[in-house]
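Below are the chains, spelled out letter by letter.
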Amino acid sequence: MEGDRVAGRPALSSLPVLLLLPLLLSRAAALHPDELFPHGESWGDQLLQEGDDESSAVVKLANPLHFYEARFSNLYVGTNGIISTQDFPRETQYVDYDFPTDFPAIAPFLADIDTSHGRGAPHRVNGKVSGHLRVGHTPVHFTDVDLHAYVVGNDGRAYTAISHIPQPAAQALLPLTPIGGLFGWLFALEKPGSENGFSLAGAAFTHDMEVTFYPGEERVHITQTAEGLDPENYLSIKTDIQGQVPYIPANFTAHMSPYKELYHYSDSTVTSTSSRDYSLTFDAINQTWSYRIHQNITYQVCRHAPRRPAFPNTQQLSVDRVFALYNDEERVLRFAVTNQIGPVEEDSDPTPVNPCYDGSHMCDTTARCHPGTGVDYTCECASGYQGDGRNCVDENECATGFHRCGPNSVCINLPGTYRCECRSGYEFADDRHTCILITPPPNPCEDGSHTCAPAGQARCVHHGGSTFSCACLPGYAGDGHQCADIDECSENRCHPAATCYNTPGSFSCRCQPGYYGDGFQCIPDSTSSLTPCEQQQRHAQAQYAHPGARFHIPQCDEQGNFLPLQCHGSTGFCWCIDPDGHEVPGTQTPPGSTPPHCGPPPEPTQRPPTICERWRENLLEHYGGTPRDDQYVPQCDDLGHFTPLQCHGKSDFCWCVDKDGREVQGTRSQPGTTPACIPTVAPPMVRPTPRPDVTPPSVGTFLLYTQGQQIGYLPLNGTRLQKDAAKTLLSLHGSIIVGIDYDCRERMVYWTDVAGRTISRASLELGAEPETIVNSGLISPEGLAIDHIRRTMYWTDSVMDKIESALLDGSGRRVLFHTDLVNPRAIAVDPIRGNLYWTDWNREAPKIETSSLDGENRRILINTDIGLPNGLTFDPFSKLLCWADAGTKKLECTLPDGTGRRVIHNNLKYPFSIISYADHFYHTDWRRDGVVSVNKHSGQFTDEYLPEQRSHLYGITAVYPYCPTGKKYALGCAFKLAG
């Protein structure tokens, strides 16, 4: 049949197509007419009407066809070789798509009969090449670079091009023509009684080569795996190169003489061993080297294939022309070989062969050779080229006007073809040829459609498209949409001897009488005989004369110095001050209580160095004071504790450590992703510690999040964040609260504490006190999930590598899993269906697992295309399991059985925990140090809340004003919703 030059697929002419022919085909190779059963109109066969994609009239079967579980009595035959049980509705359903989908195809074969009379159609190969090489003594690595091969089957010419291999490796691979020689053997010109590799092995095989170079005995192993034909009938192949090759300097070229090889055939295996010489030349330099090659080709024999005729155990591959070339500008490595396969030659003179068959013709490399009588032949330039066939040059479609590029586009000529590119400001229409004007997106910051506060209070920041953000100007505080003036005077920014005056967005300072300066620095007036205490006292007394003034009047001793104890005459508060009149932090007492004891401060003592500081000092001394970039130095915080994240020198190789500096197993990262390390030592409280009781939230739906030593409250209005009503719900000094969940039946909030190594709870009623319910056998409890129906809680411990459960009062504790866990973190429960889900962010093999609530039927749900699955949530309404991945930066969902996986958002920052409510996801983020909301349907960011205290946020959960009820039977037993 004629080859389709446009689509690269065989198209059918008006030749007869046999009804049963595709069912008799046993391999992908074409059949010659003399291999068919007797056929023709005299044998009762029908002729199809002319056309590329026509189908026959209905063919009635005397005996019904059994196809899977159905029976068919009618068949249709298409000119493209497809047999179907119903007529073909339209061309695109079985020609343009990868596989017929709208009708049952029985035999989807293309080009089932070879009617090309020896001309043959070109074969194409696509693939990827990866390698780990030592070029001389230099390591070179490359991954999934492109390989393309073009084979002219009628004369056995094979052209191979490999793109973007690093220059040292590409230069050193020039002698390894067997990389492209595989396609020469695969599609070699077949002499009578012989078969090439494709006729024998088809499109699925493995080609292993062991090459040893001399005299250096460098050795390299090459594996080429054919994976079948793709939808375009291109052969797909993967190549892997491992080992060492001799170094070849730049500008040297490699030359190899024609050679012959013997291939030995047995069941499903082909072997060959040979030696080859090659020369390297540059100017007057000409060096000769050699290598020995062992080849082994394995394939699977089709057991349904008809018994093949007697086949020789040995065939000879004749390679008449060999070329290897590397273009440094294009970064393309090319091989070209001309091949024949036939019987082992005797010493007698060979029979003259047509030049088209042995490759000795003079046709251009971009031309096709057409054999004639005897040794006569003609040459024809390929499409996209012009000339007499012996010399073909590229046809510049852009210059001749034979292109389809429309207005506002640029035509770019390419070898044998062209492409269109739109000018700046234009983009392709659906036809990929016409360029249309790109409409600039609206800028809300310029057209005034933004919702930011007035220009004097906030600024609008455009992020592209219709997205923007608002930020309050210096001197104002808020979310950018609402900005309030900051009272800088309450922050004591002025000098103690100055008076502060607040103004909208700003403030000013003025030195008090007896001082001079700019208000930020005030110096006593040397001309005055008053002390600083006396000057402040006089100034306060002057201000006190104004009605309603409540200024503090400093108390001075007989020498005019500040008294160490100061008390406010109107409010009753007392505090200590230093000799300069500054308040000593933490000494203030309320009215009615005993005033503080204000004595001289104790002499400062220096704490002894910690383990981290001593280790750091020893290593620095060992390194000579200044470490190199590749030397490890422990990182310690201000208190001498190990920082949770440790990195090797200035590299991106990082890992997590515990409070003693020991590496946490499974956290070591590769460059590009920082592990999510949680601290184990709580930071000190600088401000006075509030009572650790609950500030009751208002009625309605709200979010609870954990941030270090506190649990935050963030109410929702529908699904919008009410950021102005956010507040601290609970403060716990010395804690690092990570996991959090809510029991809707008893209105209890539960949390894990990695610093205290405990699990606690507290009621949301007024004045409730926290209660510790698990305080032993924990090291780093992180994820927490509450089953409000079975009254059970589940948690993960990333150091103990366990998943445990207990009743909500801490009793009935049991270990569910303690094996095959490295870094378990997030955990979620589906109480309705009785399923448990958890993540393990093991850097070597991250995964998401599931089991029943009693620990039975454990299995891996997701273990591909995930990196650092920090957050996990189960949505009971959509019945979807969703997770946030800080490694892949994706938010994804799947059905409970792992099917139907889809990406909701693919550009997260650094998510930690996630919860689902209504049509939104809410997750905490370590890059933003806030709560971010994402729409479930559009996948777009909708809002974010950034607390005033900027530090990492950990767990997050949602609290509803209602509680789903269920009828509970027993742990692990089935139940149903009430009603």
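- For the chain, an unreviewed UniProt entry supplies the name Nidogen-2 and the organism Rhinopithecus roxellana.
- Listed in UniProt under the heading Subunit (unreviewed entry), the comment for the chain reads: "Interacts with LAMA2. Interacts with COL13A1. Interacts with EFEMP2."
- Listed under Subcellular location (unreviewed entry) in UniProt, the entry text for the chain is "Secreted, Extracellular space, Extracellular matrix, Basement membrane".

A word on unusual backbone geometry
Part 1 of the reasoning: Of note in this structure, arginine 331 is not a glycine but carries a positive phi near 55 degrees.
Part 2 of the reasoning: Checked against the element boundaries, arginine 331 lands in the loop between strand 15 (314–327) and strand 16 (332–342).
Part 3 of the reasoning: Looking at arginine 331, the relative accessible area reads 36%, which means it is partly exposed.
Part 4 of the reasoning: The backbone of asparagine 857 shows a phi angle near 55 degrees, a positive value even though the residue is not glycine.
Part 5 of the reasoning: You can see asparagine 857 is positioned in the loop between strand 51 (847–852) and strand 52 (859–862).

Structural notes on the nonpolar core
Part 1 of the reasoning: Counting residues in hydrophobic clusters, the biggest one holds 64 residues, and the most contacted among them are Ile162, Leu176, Phe183, Trp185 and Val220.
Part 2 of the reasoning: A per-element tally of this core places strand 5 (residues 138–152) first, with six residues.
Part 3 of the reasoning: Here leucine 176 is in contact with Val211, Phe213, Val220, Ile222, Val245, Tyr291 and Phe335, once residues within four sequence places are set aside.

Looking at the pairing of strand 55 (residues 891–894)
Part 1 of the reasoning: Because side chains alternate across strand 55, one face comprises the buried residues Leu891 and Cys893, and the other comprises Glu892 and Thr894, equally buried.
Part 2 of the reasoning: Across four bridges, the pairing between strand 54 (residues 880–885) and strand 55 is antiparallel. Residue pairing in the sheet places tryptophan 883 in a bridge with glutamate 892 of strand 55.
Part 3 of the reasoning: Counting the residues that bridge the hairpin from strand 54 to strand 55 gives five residues, and of these lysine 889 lies at a positive phi of roughly 65 degrees.

Here we look at the packing of aromatic side chains
Part 1 of the reasoning: Evaluation of the coordinates by the stated rule reveals 17 aromatic pairs.
Part 2 of the reasoning: Consider the rings of tryptophan 185 and tyrosine 263, whose centres lie 5.9 Å apart with planes at 20 degrees: the pair is stacked. Taken together, the positions of tryptophan 185 in helix 3 (residues 178–186) and tyrosine 263 in strand 12 (residues 259–266) put the pair 78 residues apart, joining distant regions of the chain.
Part 3 of the reasoning: According to the relative accessible area criterion, tyrosine 263 is buried, its value standing at 3%.
Part 4 of the reasoning: Taken together, the ring pairs connect Trp615, Tyr632, Phe642 and Trp655 into an aromatic cluster.
Part 5 of the reasoning: A cation over an aromatic ring shows up here: arginine 858 above the ring of phenylalanine 817, its NZ or CZ 4.9 Å from the ring centre.
Part 6 of the reasoning: In this structure, lysine 936 packs its charged tip against the face of phenylalanine 921, placed 5.3 Å from the ring centre.

Comments concerning the pattern of salt bridges
Part 1 of the reasoning: Overall, the coordinates contain 23 salt bridges when judged by the stated rule.
Part 2 of the reasoning: A salt bridge links glutamate 746 to arginine 791, with the nearest nitrogen and oxygen atoms 3.5 Å apart. On the criterion of sequence distance, the pair formed by glutamate 746 in the loop between strand 41 (737–743) and strand 42 (748–753) and arginine 791 in the loop between strand 45 (781–787) and strand 46 (792–797) is long-range, its members being 45 residues apart.
Part 3 of the reasoning: Of the residues examined, arginine 791 reaches a relative accessible area of 16% and is grouped as buried.
Part 4 of the reasoning: Residue lysine 847 pairs with glutamate 849 through a salt bridge whose shortest N-O separation is 3.5 Å.

Here we look at the sheet that holds strand 49 (residues 824–830)
Part 1 of the reasoning: Spatially, 49-50-51-52 is the arrangement adopted by the four strands of the open sheet, whose pairing is antiparallel. Strand pairing shows two members of the sheet lacking a second neighbour, strand 49 and strand 52, which therefore form its edges. Geometrically, the sheet is characterised by an average inter-axis angle of 30 degrees between neighbouring strands, direction not taken into account.
Part 2 of the reasoning: Both strand 51 and strand 52 contribute to a ladder of three bridges, which runs antiparallel.

Some thoughts on the sheet that holds strand 41
Part 1 of the reasoning: Pairing is antiparallel in the open sheet, where four strands are placed in the order 41-42-43-44. At either margin of the open sheet sits one strand with a lone partner, and together these are strand 41 and strand 44 (771–774). Geometrically, the sheet is characterised by an average inter-axis angle of 30 degrees between neighbouring strands, direction not taken into account.
Part 2 of the reasoning: As paired strands, strand 42 and strand 43 (residues 758–763) are joined by six bridges and run antiparallel to one another. Bridge pairing in strand 43 links methionine 748 to serine 763.

Points about the state of the cysteines
Part 1 of the reasoning: If you walk through the whole model with that rule in mind, you get 18 disulfides.
Part 2 of the reasoning: The side chain of cysteine 405 participates in a disulfide bridge whose partner is cysteine 420; the two sulfur atoms lie 1.9 Å from each other. With the S-S dihedral at roughly -90 degrees, the linkage between cysteine 405 and cysteine 420 falls on the left-handed side. With cysteine 405 in the loop between helix 6 (397–400) and strand 21 (409–414) and cysteine 420 in strand 22 (residues 417–422), the pair connects residues that are 15 residues apart, well separated along the chain. When sorted by exposure, cysteine 405 lands in the same class as cysteine 420, which is buried.
Part 3 of the reasoning: Covalent S-S linkage joins cysteine 494 and cysteine 509, the inter-sulfur distance amounting to 1.8 Å. Between cysteine 494 and cysteine 509, the S-S torsion sits near -75 degrees, and that sign places the bridge as left-handed. One end of the pair, cysteine 494, is in the loop between strand 28 (483–485) and strand 29 (498–503); the other, cysteine 509, is in strand 30 (residues 506–511), with 15 residues separating them in the sequence. Of the two residues, cysteine 494 and cysteine 509, both sit in the buried class.

Calculation rules
- Residues numbered from 1 in each chain as written.
- Predicted model: local features only at pLDDT ≥ 70, side-chain atom pairs only at ≥ 80, totals over all residues.
- Heavy atoms only, no water.
- UniProt positions renumbered as here; feature names shortened; annotations may be inferred.
- Helix = DSSP H or I, 4+ residues; strand = E, 2+ residues; numbered from the N terminus.
- Buried < 20%, exposed > 50% of the residue type's maximum accessible area, 1.4 Å probe, protein only.
- Core = buried A, V, L, I, M, F, W, Y, C linked by side-chain atoms within 4.5 Å.
- Contact = heavy atoms within 4.5 Å.
- Pairing = 2+ DSSP bridges.
- Phe/Tyr/Trp six-rings, centres within 6.5 Å; stacked < 30°, edge-to-face > 60°.
- Lys NZ or Arg CZ within 6 Å of the ring centre and 35° of its normal.
- Salt bridge = Lys/Arg side-chain N within 4 Å of Asp/Glu carboxyl O.
- Axes fitted to C-alpha atoms, helices over the stretch in contact; angles between N-to-C directions.
- Disulfide = S-S within 2.5 Å.

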